[in-house]
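A structural walkthrough
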Amino acid sequence: MSKKIILGIESSCDDTSAAIISDGYILSNIVSNQKVHQKYGGVVPELASRAHQQNIIPVVDTAIKESGINKKDLSAICFTLGPGLLGSLLVGSSFAKSFALGMNIPLIAVNHMQGHIMAHFIKEKGNKNRFPKFPFLCLTVSGGHTQIVLVKSFEDMTVIGETLDDAAGEAFDKSAKILGLSYPGGPLIDKYGKLGDKHKFIFGNHKVGDLNFSYSGIKTSILRVIENGLDKNSKFIEENIDDLCASIQHTIVDILIKKIMKASKEKGINQIAIAGGVSANSYLRTRLLELEQKHNKQVFIPKFEYCTDNAAMIAISGYYKFLEGKFVNQSITPNSRFSL
Ligand code: KG4
Ligand code: ZN
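Residues numbered from 1 in each chain as written. Chains lettered and ligands numbered in written order. Predicted model: local features only at pLDDT ≥ 70, side-chain atom pairs only at ≥ 80, totals over all residues. Heavy atoms only, no water.

1. Quick look at the site of ligand 1
- The environment of ligand 1 is made up of 19 residues, and the closest members are Gly143, Asp173, Asp190, Gly277 and Asn281.
- Here an oxygen atom of ligand 1 and a backbone polar atom of glycine 144 are 3.5 Å apart.
- Within the backbone of glycine 169, an N or O atom sits 3.3 Å from an oxygen atom of ligand 1.
- Contact with the protein chains covers 89% of the free accessible surface of ligand 1, which is 560 Å².
- For ligand 1, the cavity whose grid points lie within 2 Å of the majority of its atoms is the largest pocket.
- For the shell around ligand 1, the secondary-structure elements that each account for two or more residues are helix H3 (112–118), helix H4 (168–178) and helix H5 (186–193).
- Class assignment for the residues of the shell around ligand 1 results in five nonpolar, 11 polar and three charged. (Near = heavy atom within 4 Å. Polar contact = N/O pair within 3.5 Å; in protein donor to acceptor, adjacent residues only side chain to side chain. Areas by Shrake-Rupley, 256 points an atom, 1.4 Å probe, with all protein chains shown as cover. 1 Å grid on protein atoms, 1.4 Å probe; cavity = no way out; pocket = protein on both sides within 12 Å on 5 of 7 lines; lining within 4 Å. Sits in = over half its atoms within 2 Å of the grid points. Helix = DSSP H or I, 4+ residues; strand = E, 2+ residues; numbered from the N terminus. Nonpolar A, V, L, I, M, F, W, Y, C, P; charged D, E, K, R; others polar.)

2. Looking at helix H8 (residues 282–295)
- Between its terminal C-alpha atoms H8 stretches 19 Å, which fits the 20 Å expected from 14 residues at 1.5 Å a residue.
- Of the positions making up H8, those classed as buried are Tyr283, Leu284, Arg287, Leu288 and Leu291. Along the long axis of H8, the arc covered by the buried residues comes to 140 degrees, so they all point the same way.
- In the core, the buried residues of H8 are packed alongside strand S6 (136–141), H5, helix H7 (236–267), strand S9 (271–275) and strand S10 (298–300).
- By the N-cap criterion, in which a side-chain oxygen at the helix start approaches the backbone nitrogen of a residue two or three places on, H8 is capped by asparagine 281, the distance to tyrosine 283 being 3.1 Å.
- Positive backbone phi, approximately 60 degrees, marks asparagine 296, located one or two places after H8. (Expected span 1.5 Å × (residues − 1). Buried < 20%, exposed > 50% of the residue type's maximum accessible area, 1.4 Å probe, protein only. Arc of directions from axis to C-beta. Contact = heavy atoms within 4.5 Å.)

3. So, the packing of aromatic side chains
- Taken as a whole and judged by the stated rule, the model has 12 aromatic pairs.
- Judged by centre distance (3.9 Å) and plane angle (20 degrees), the rings of phenylalanine 154 and tyrosine 320 are stacked. Placement of phenylalanine 154 in the loop between strand S7 (146–151) and strand S8 (157–162) and of tyrosine 320 in helix H9 (residues 312–323) is noted, with a sequence separation of 166 residues between them.
- For tyrosine 320, a relative accessible area of 16% puts it in the buried group.
- The cationic tip of lysine 125 hangs over the ring face of tyrosine 25; the distance from NZ or CZ to the ring centre is 5.1 Å. (Phe/Tyr/Trp six-rings, centres within 6.5 Å; stacked < 30°, edge-to-face > 60°. Lys NZ or Arg CZ within 6 Å of the ring centre and 35° of its normal.)

Listed below in structure tokens is the structure:
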């Protein structure tokens, strides 16, 4: 039987990415980050779509070259339909549509959040490739989403809890902005937080009782602590940066851990996976591994490069849709609010 070779395209936010997957095995995964947003403290949608337009052809070209395949061998092309920024999604989807038309191969549309979860099923040659078994719980934490998803199959995914306001990544990025750190601030809070005391500052209480989350109150509480500190000492932030980062990180992550434990108990499911950009956070990873060691959970954490936005996760989702014959036609248009 001939190999199923899939080209995946991801362009939902500020990363342009292309990847090739062959029978579920990764051959290449190229990600081009857009540096242009750093000085604005957040992603500027118009600049993001322009940068995608510049990057998409070289990124796809490199992904094909690096994979060692001939583009004539592609079985299908898949792309992120949403959720995401409309202008950014349009670049990836238009490219994918014309490529599929030109090559006369099927076109597959993928939900970005499903892609983050599917990152757990990317196979690597020479690796043990340990995967979660269905059903499992996935904590999906990114710049735009914070969800607990009950995953029953490659296609059957139900959101059982989500944020009522800011996403966890947003909480990291907004806190970093208050501290004067550049965008995206999540990785910087992680870096400085490693050196600080996580109990030095206390930020608000999380009062949402069910499996949902709320981060807006915490953000206000962080702002108050910092304003009060600066009133007394103009060097408050620089003198306390490590402790502030450690305490902010502890506050955000503690909520995630408590909610996933609650979901695990309620659903009687002990397999816990994590997905999305915030799963790159080292303190969250440490806390999750503690669940494995002390609470008898099985924890699944994707490789670092499959946590933040990438096309490998889109290509693996496309591969399983290909096996089911789930194709779309040329009339498809991006859906910036596409839910799971
Ligand atoms: O999934 P992703 O790459 O893009 C979205 O779909 O949003 O997630 C980006 C988010 C940003 O908020 C970024 O600050 C956060 O993930 N992030 C981190 C870390 N690395 C990325 N947050 C905390 N610690 C990190 N190490
Ligand atoms: Zn994402």
